[in-house]
Number of protein chains: 2
Amino acid sequence: MEKTGQPTINDVARIAGVSKKTVSRVINRSPLLNEDTRKRVEEVIGDLGYIPNPQARALALGRNFLIGLVHDNPNAQTVMNVQQGMLEALYDTEFEMIVRPLNRGSLTMLDDLRHFLERQRPFGVLLMPPISENDVIAKLCADIGCRYVRMGSTELDSDEHMVASNDREAVRDATRHLIDLGHRRIGLVSGPHGFRSARERRLGFEDAMRDAGIALPRSMIADGDYRFESGLVAADRLLDVVPRPTAIFSCNDEMAAGVIHAACQRGLTVPRDLSVIGFDDTPIAAHMWPPLTTVRWPIATMARSAALKLIAGMTAQESDAAVSEPSLFRSTLIRRASVSAPAAE
Amino acid sequence: MEKTGQPTINDVARIAGVSKKTVSRVINRSPLLNEDTRKRVEEVIGDLGYIPNPQARALALGRNFLIGLVHDNPNAQTVMNVQQGMLEALYDTEFEMIVRPLNRGSLTMLDDLRHFLERQRPFGVLLMPPISENDVIAKLCADIGCRYVRMGSTELDSDEHMVASNDREAVRDATRHLIDLGHRRIGLVSGPHGFRSARERRLGFEDAMRDAGIALPRSMIADGDYRFESGLVAADRLLDVVPRPTAIFSCNDEMAAGVIHAACQRGLTVPRDLSVIGFDDTPIAAHMWPPLTTVRWPIATMARSAALKLIAGMTAQESDAAVSEPSLFRSTLIRRASVSAPAAE
DNA sequence: TTGTAGGCGTTATCAA
DNA sequence: TTGATAACGCCTACAA
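Report follows, based on the coordinates. It should be emphasised that the depicted structure is a prediction, and the values quoted were computed from it without experimental measurement.

1. A closer look at the sheet that holds strand β12 (residues 332-334) of chain B
Residue and element names in this part refer to chain B.
- If you trace the six strands from one edge of the open sheet to the other, you get β7-β6-β8-β9-β10-β12, paired in mixed fashion. Each edge of the sheet is formed by a strand with only one pairing partner; in this case those strands are β7 (221-223) and β12. Between one strand axis and the next, the sheet turns by 20° as a mean value, whatever way the strands run.
- Pairing of strand β10 (residues 293-296) with β12 involves three bridges; the strand directions are antiparallel. Within the sheet, the bridge partner assigned to Val295 lies in β12 and is Leu333.
- Across the sheet, helix α9 (residues 196-211) is in contact with β6 (186-190), β7, β8 (247-250) and β9 (275-280); its angle to β6 comes to roughly 165°.

Quick look at the structure:
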């Protein structure tokens, strides 16, 4: 039992009257094993409550059982959803989740990541947007020899390295919903420059407006950074325009909350005076007043799928099922109370 | 350089012309080392880009460099804040954060945790409320020999194992604020049974009411579970009471959002018809309309301090500074727009 | 101040 | 189908 109190493979081998290697074979489900031997060893394992030491395995195998979540996401709920999805995939496997936030602004970001990967040598990493959009980062992972899967708003990499959503199309649909209701002056609160998702969503918005033959003056587009305050400021700008927009599409829910906040501050009523649509469908969307019409972004499902891709072929039960994890996920419009037809003028 | 491409301690030793042990001493900052030798070895380390293999160290030392975050918290923002605080403490150390959610409802929860601790053998774990309140869990950690620090709403353990906030007092102050403004019919949306924080907060509420000599009928207390929906339901019950309460204290922000939601659904205006106070000061508090008066709970700071306690004495720069991490943190009232004096009747 | 020998718990190699 | 032996990369004890 040694000093740690934990039984080791040696204890099992000795008591079962077999060699270490045989025990090892039992643990790793080797096919070439006598049934009787296996039974006997498994019994001893059960009696002793033996648990293979992950550190020792990691050393011997040259890789550990940690899946890293690398992110630099401003939205807490989004990060949590991703964590939850990952953990679902990792549940009942030998893998654990290790979280590594990165600071996009920092000059040392790349070094930080390299340092993390080289030191910790995780089995694989899940790259969250917006970091996932950076090809340099993906290349760094590849060079170091660390598996990776990127989550993104469009396909940026080969299937095995990618899980994507159809943001552009989803936003197009959402915008068309506003247009169908009769809105013509529709404002956009965009996401930050450098975010691929921001670009895709903006393109979707522009698609819909163009398709409907509606002019889109520059004054109807205000830049945001996916944070509440930026939504507030952007909405203030848009609502200053005369004539006022009758609807605003915000590139995420948090900024949409800012938009509604700004409207309330001016004494406007949503949706009577202003319709608002967000993106994400984080819990806040359903919780705010009025409940927010938004695009449901299946980020948790995507993360789960991404994690399964990462460990594909490593787990007993999944084998190649995981290889066929889907790579494209559809976002859909969730209609709630923040949208109505524009008031007659 | 071996097959992995990574240089090992052997490479460094060979090239520097010293023994492995000497290199090891350099890595671990052993005091008994010739300055020249150290310089020479460090140079080789730099040239090679050598990084000690954590798995090998973990095996040799019998412990790894993972700090676990064990939680079963319904609030995403709270969990993220804790993660952020932990990571701040772990920044620039050799420790990494590994996240382990637990399912309080599940019968296998204790086994799950035991399994996690025995398999992974984290260096230490941070226990978040509400599971941190469970003495059985703390005992399990102690028995297994895993360091732990509990975060809680009152002192549940000795200083080295505890980081606490003063919820009862903070809620007493918040409630008194309502009373001072003239409110007499004040409702309470409580937290779930079994949560120590829920109990402390409720006691604080009752303290204030009793101190002010205000009767507290059972109808003015509605049970919640810290989730939005429960706040909605609880508020509906409270607002059905005749005469209506003029203010509601909610034991967390998320439920407070539910309270405001319920009020809006009835056409009531906050704070004119109903004052609301929450607890936590999560971002949603400032983002909702009207901005929520709430109690700021310094959970990220607490988590940072807890993590520092965990690794106290393990880091070079901190040495014993971390031992003196504070154990009690004060929550304070943040006044925003969801509270006013009650309307004249 | 530095080096040698042995061990941490597991897996891989290759022979039996 | 099994087992002896040698890695894996680092650390501790003890010796020099």
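2. Brief notes about the relation of the copies chain B and chain A
- With an axial shift of 0.0 Å and an RMSD of 0.1 Å, the rotation relating chain B to chain A amounts to 179°. Viewed as a symmetry operation, the transformation between the two copies matches a two-fold axis. Taking the C-alpha atom as reference, chain B places Ile98 of chain B closest to the rotation axis, 2.2 Å from it.
- Both copies present the same face, since 100% of the interface residues in chain B are matched by interface residues at the equivalent positions in chain A.

3. Points about the packing of helix α5 (residues 76-90) of chain B against helix α13 (residues 299-310) of chain B
All names here are of chain B.
- Relative to each other, α5 and α13 sit at 40°, their axes nearing to 7 Å. Classed by the angle they form, the pair α5 and α13 counts as oblique. Viewed along their axes, α5 and α13 form a crossing whose handedness is right-handed. Residues Thr78, Asn81, Val82, Gly85, Met86, Glu88, Ala89 and Leu90 of α5 form the contact with α13, whose participating residues are Ile299, Ala300, Ala303, Arg304, Ala307 and Leu308.
- Taken together, the residues of the contact of α5 with α13 sort by class into nine nonpolar, three polar and two charged.

4. Quick word on the protein's contact with DNA strand C
- In the vicinity of DNA strand C lie 26 residues, with Ile9, Ser24 and Tyr50 of chain A together with Thr22 and Thr37 of chain B positioned nearest.
- Close to the protein, within 4 Å, the atoms of DNA strand C are drawn from sugar and phosphate at a rate of 63%.
- A distance of 2.8 Å separates a base oxygen of DNA strand C from a polar atom in the side chain of Lys20 of chain A.
- In this structure, a phosphate oxygen belonging to DNA strand C sits 2.4 Å away from a side-chain N or O atom of Thr22 of chain B.
- For the surface near DNA strand C, the secondary structure elements donating two or more residues are α2 (20-27) and α4 (54-61) of chain A together with α2 (20-27) and α4 (54-61) of chain B.
- Among the elements that take part in the surface near DNA strand C, α4 of chain A stands out by supplying four residues, more than any other.
- Taken together, the residues of the surface near DNA strand C break down into 12 nonpolar, eight polar and six charged.

Procedures and definitions
Residues numbered from 1 in each chain as written. Chains lettered and ligands numbered in written order. Predicted model: local features only at pLDDT ≥ 70, side-chain atom pairs only at ≥ 80, totals over all residues. Heavy atoms only, no water. Pairing = 2+ DSSP bridges. Helix = DSSP H or I, 4+ residues; strand = E, 2+ residues; numbered from the N terminus. Axes fitted to C-alpha atoms, helices over the stretch in contact; angles between N-to-C directions. Contact = heavy atoms within 4.5 Å. Least-squares fit on C-alpha atoms with pLDDT ≥ 70 in both. Parallel < 35°, antiparallel > 145°, perpendicular 65-115°, else oblique. Left-handed = near helix turned anticlockwise from the far one by under 90°. Nonpolar A, V, L, I, M, F, W, Y, C, P; charged D, E, K, R; others polar. Near = heavy atom within 4 Å. Polar contact = N/O pair within 3.5 Å; in protein donor to acceptor, adjacent residues only side chain to side chain.

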